[in-house]
Amino acid sequence: MRSFFIILSCFMVLTACGKDDDNGVQKKSDIEQIENVQDKNEDIVKNSSDVKQKFFAKFETYTPAQKYYFCAAFAMGAMSVAKPVTASAMVNYFMGLGVAKYNEGINEENYKAFNVGKNVFRNEKLVNIILQQKTCENIMNEAADFARERNYHVVDLDKRGKKEVEKVVRFIKQKQK
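Conventions and cut-offs
- Residues numbered from 1 in each chain as written.
- Predicted model: local features only at pLDDT ≥ 70, side-chain atom pairs only at ≥ 80, totals over all residues.
- Heavy atoms only, no water.
- Core = buried A, V, L, I, M, F, W, Y, C linked by side-chain atoms within 4.5 Å.
- Buried < 20%, exposed > 50% of the residue type's maximum accessible area, 1.4 Å probe, protein only.
- Helix = DSSP H or I, 4+ residues; strand = E, 2+ residues; numbered from the N terminus.
- Contact = heavy atoms within 4.5 Å.
- Disulfide = S-S within 2.5 Å.

Colleague: Can you break down the nonpolar core residue by residue, with the values?
Modeller: Formed by 44 residues in total, the largest nonpolar core has its most connected members in Tyr-68, Tyr-69, Phe-70, Phe-94, Phe-114 and Ile-130. Breaking this core down by element, the ones donating at least two residues are helix H3 (48–59), helix H4 (64–82), helix H5 (84–102), helix H6 (108–119), helix H7 (124–133), helix H8 (135–149) and helix H9 (154–176). No other element matches H4, which puts 11 residues into this core. The contacts of Tyr-69, once residues within four sequence positions are left out, are Met-95, Gly-98, Val-99, Glu-104, Gly-105, Ile-106, Asn-110 and Phe-114.

In C-alpha cells:
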C-alpha cells in the first residue's frame, strides 16, 4: 500500500507537468464542488497553504469512520487513474474494511465524506497536499494493519464490502434525482 502511494505521487507530479492553469472561475467551481458540505458563501482561496488549512480544518471535524471513507474513495480514485483493474478489484475490499474496523458502513454522514473523497481529484492542489501529508496513506495503512492483526480474510472483507457498495450506488442514484 505504501509503495502504491509513492507511485501515485510520482504519477500526479508527472501528469501535472505541462498543464496550462485553468482560469480562476473553473478553480473556484471545482473547490466548491469538493467542499460542498461547507458554507457556500465562503470566499475561495487561491494559494496552497490556504487550501491546505481549509481542507484540514474540515477534515478534522470528520469522525474516524468518515475519515476512512473519505480516504477509501480517494484511494480508489487514485487507483482508477493508475491501475483501473486494481481499483475495481479493491472497491469491495476497501468498503468491507471500513465496516470491519469502524463497525460502521455507509450512512448519510459517511457517504458525504466518501463523496468528497471521490470528487477531490477535481482539485490538483488538494490532491498533492493529501499525498504530501500522507493523510490517506496513514489511515489506509492503519486499517490494513488492523485487518492483518485480526486475521480478516480478503474474501470476508469483500463480502462485507458488497453491501456497502450497493448503499453507495443507492446514494448516488438518490443524489442524481
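Colleague: Tell me about the state of the cysteines, residues and numbers included.
Modeller: Considering all chains together, one arrives at 1 disulfide under this definition. Disulfide pairing is shown between Cys-71 and Cys-136; the S-S distance is 2.3 Å. One quick way to see it: the torsion about the S-S bond of Cys-71 and Cys-136 is about -75 degrees, and its sign makes the bridge left-handed. Of the two residues, Cys-71 sits in helix H4 while Cys-136 sits in helix H8, which places them 65 residues apart along the sequence.

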